[in-house]
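Fold and geometry: a report
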Amino acid sequence: MAKRREAEEPKSLTAAQEQAILLLASGETVTATAEAVGVSRQTVSEWVNGDADFIAALNRIRQETLDAGADRLRNMVGAALD
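Now for a look at the structure at hand. The structure displayed is predicted, hence computed values, not measured ones.

Re the nonpolar core
Core analysis: the largest hydrophobic core is formed by 12 residues, namely L13, A20, I21, L24, A25, A34, V37, V44, W47, F54, A57 and L58. Elements supplying a minimum of two residues to this core: helix 1 (15-25), helix 2 (30-37), helix 3 (41-50) and helix 4 (52-81). At 4 residues, helix 1 tops the list of elements feeding residues into this core.

Written as structure tokens, this is what we have:
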């Protein structure tokens, strides 16, 4: 019988990666983010372009930010029309 492989759980992100995600999602550049978290620009670029868990977390935060902005706009429409 073949063994069934269980799906790998996403690795946990480091504190530097979590901080980098917040900075990038707020619009910081890769260079500024690298300086702020104390790693090289190349390291942040590798996270952004090749680390699936980092990319997924960054995309999730960016989507949450967009959703929150859309909610705020929807809530302002009524007041603007009045």
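Looking at the packing of helix 1 against helix 2
Where helix 1 meets helix 2, the axes come as close as 9 Å, and the angle between the chain directions of the two elements is 145°. Of the two elements, helix 1 crosses helix 2, and the hand of that crossing is right-handed. In this structure, helix 1 contributes A16, Q19, A20, L23 and L24 to the contact, and helix 2 contributes V30, T33, A36 and V37. Tallied by class, residues from the contact of helix 1 with helix 2 come to 7 nonpolar, 2 polar and no charged.

Each value, and the rule that gives it
- Residues numbered from 1 in each chain as written.
- Predicted model: local features only at pLDDT ≥ 70, side-chain atom pairs only at ≥ 80, totals over all residues.
- Heavy atoms only, no water.
- Core = buried A, V, L, I, M, F, W, Y, C linked by side-chain atoms within 4.5 Å.
- Buried < 20%, exposed > 50% of the residue type's maximum accessible area, 1.4 Å probe, protein only.
- Helix = DSSP H or I, 4+ residues; strand = E, 2+ residues; numbered from the N terminus.
- Axes fitted to C-alpha atoms, helices over the stretch in contact; angles between N-to-C directions.
- Left-handed = near helix turned anticlockwise from the far one by under 90°.
- Contact = heavy atoms within 4.5 Å.
- Nonpolar A, V, L, I, M, F, W, Y, C, P; charged D, E, K, R; others polar.

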